[in-house]
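The primary structure of each chain is shown beneath.
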Amino acid sequence: MSIGEKTYHEDLPKVTQDEILELLKTKNYIAARKRLLLLDDVETAELITEIENVLGIDIAIVLFRMLRKDQAAEVFSRLSPEDQTGIITRIADHEIKTIINEMDFDDMIDVLEELPANIVDRILEKSSPAERQLINTFLNYPASSAGSLMTPSYVTLQQGWTVAQALKHIKAVGMDSETVYTCYVKDKGRRLLGVVSLRDLVTKEPDEPISDFMVEDVVFVNVLDDREEVSEVFKRYEYFAIPVVDNEKRLVGIITFDDILKAIEEETTEDIERMAGVIGTDDKGYFETSILRQVRNRLPWLIILMASAMLTGLVIAHFELQLALIPSLIIYLPLLMGTGGNAGSQSATLIIRGLALGEVAPKNVLKVLWRELRIALLSALVLSALNMAKILLLDGQPLEIAITVCSAQIIVVVIAKSLGGMLPLLAKKVGIDPALMAGPLIASLVDTFTCFVYLSLSIVILSLF
């Protein structure tokens, strides 16, 4: 829905999704359509998803067919892959072609990447040979690359043009372009030479050559650059759009700010899931992912963590005699394991965030280690002092037990924070996702180490008393 249409309906009574839902249940489709057209595209997409869940996909398609052609394409691009597949498999071929033709090219590629292969083939059959070749080119880029995010809908100018020629060209192609505020100057071989802003064009004399004022120092990304690197470029320069070139610096597309926002959201979600020990995830929502898929995503990491817990059990079993002689040692084992795990996870989370924001790099490993050691030592001294007071005054344990527990706590916190700071950097260095080095993995490693240090230390210290 356009801005003008939204403004036109501002003074009308608020339309609720529940109201439209009730009209559909009673098959009052005429009244439902009148109210449907008062919603914006986001609200309409949410309503179609709700209708599909409550009344089924067939009624959702009835609602979808009530939309105007231009609105249908925008709403379709905002639906989940499951709802898109459900609609595509049930509508006529000419309706598919209309939706695809109305969608922005980058949105169309995003949709095609999520649909099953047989549905994609059906869509490609309805495209012209030139469109089919272009679509296949974009679909063949790696999913995490700049090429998969870019759009070919942009304004290009020839280096020999004047301002008048450039403005005439913008008027001719501007409506089909993603943006007209920044225009890209290229030579006859499509090599990117510079950029010209629309502000400069409308303020210069008509006969002035654009080469006289174009910016030649262009910020660009390569078509195979990882989308995390692309997001860093956007954050650094705060541009609305960035050109994408191939290895010969030929202009092949642009990436706009809205597309990189989606990529950043996906990367953040992926990192959060990996930090929680969930692997092999996809772009589906929590409720849209099947139970079996959820189990498959979570189970492998749980098995790995269970194996690491078995190692901790072997360490405890090795010191079984020591624990039998002094049962009070067992009381403080969970406290030490929890403190170590939390300390390590804290450091790992902050370092992973620093890597994501570009504040920390693998080359800073020694600097990070020195910083984490100082933080760990100060934190450990405060924690052990508090724990010493508790063990002696509240628990009534002998001095040797308090010294054993607090000494182990200092060592554990220092090592845990050092590991938490180092492992993400080492993972980044060898090409592993640093997010895998947080949360459950750090806690499991620290648990094993804590048991070994604490029980070994108890033998040494208690033998002195």
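Criteria and thresholds
- Residues numbered from 1 in each chain as written.
- Predicted model: local features only at pLDDT ≥ 70, side-chain atom pairs only at ≥ 80, totals over all residues.
- Heavy atoms only, no water.
- Pairing = 2+ DSSP bridges.
- Helix = DSSP H or I, 4+ residues; strand = E, 2+ residues; numbered from the N terminus.
- Axes fitted to C-alpha atoms, helices over the stretch in contact; angles between N-to-C directions.
- Parallel < 35°, antiparallel > 145°, perpendicular 65-115°, else oblique.
- Left-handed = near helix turned anticlockwise from the far one by under 90°.
- Contact = heavy atoms within 4.5 Å.
- Core = buried A, V, L, I, M, F, W, Y, C linked by side-chain atoms within 4.5 Å.
- Buried < 20%, exposed > 50% of the residue type's maximum accessible area, 1.4 Å probe, protein only.
- Expected span 1.5 Å × (residues − 1).
- Polar contact = N/O pair within 3.5 Å; in protein donor to acceptor, adjacent residues only side chain to side chain.

A. Structural view of the sheet that holds strand β5 (residues 241-245). Taken together, the three strands give an open sheet; going across it, the order is β4-β5-β6, and neighbouring strands pair in mixed fashion. Every interior strand has two partners, whereas the edge strands, β4 (221-222) and β6 (251-256), have only one. Two strands pair when backbone bridges link them, and β5 and β6 are joined in this way by five bridges, in the antiparallel orientation. Bridge pairing in β6 links Ile242 to Ile255.

B. Structural view of the packing of helix α19 (residues 333-357) against helix α22 (residues 440-462). Where α19 contacts α22, the axes come no closer than 8 Å and their chain directions differ by 140°. Relative to α22, α19 is oriented oblique. Relative to α22, α19 is oriented so that their crossing is right-handed. In contact with Leu333, Leu336, Met337, Gly340, Gly341, Gly344, Ser345 and Ala348 of α19, α22 contributes Ile442, Ala443, Val446, Asp447, Thr450, Cys451 and Tyr454.

C. Local environment of the nonpolar core. Ranked by internal contacts, the top residues of the largest apolar core, which has 59 residues, are Leu63, Phe76 and Ile255. Discounting residues that sit within four places of it in the chain, Leu63 has contacts with Ile20, Leu24, Leu36, Leu47, Ile48 and Ile51.

D. Region of the structure containing helix α4 (residues 41-54). For α4, with 14 residues, the first-to-last C-alpha span of 20 Å sits near the 20 Å given by 1.5 Å per residue. Within α4, the full set of buried residues consists of Asp41, Glu43, Thr44, Ala45, Leu47, Ile48 and Ile51. One side-chain oxygen of the residue at the start of α4 lies 3.2 Å from the amide nitrogen of Val42, identifying that residue as Asp40. Positive phi shows up at Gly56, right after α4, with a value of about 100°.

E. Layout of the sheet that holds strand β2 (residues 182-186). Taking strand neighbours across the sheet as the criterion, the three strands line up as β1-β2-β3 in an open arrangement whose pairing is mixed. The two strands at the open ends of the sheet, each matched to only one other strand, are β1 (156-158) and β3 (192-197). Pairwise comparison of adjacent strand axes, ignoring direction, gives a mean angle of 35° for this sheet. Of the pairings in the sheet, the one linking β1 to β2 comprises three bridges and is parallel in character.

Fair warning: the whole summary comes from geometry, so function is off the table for now.
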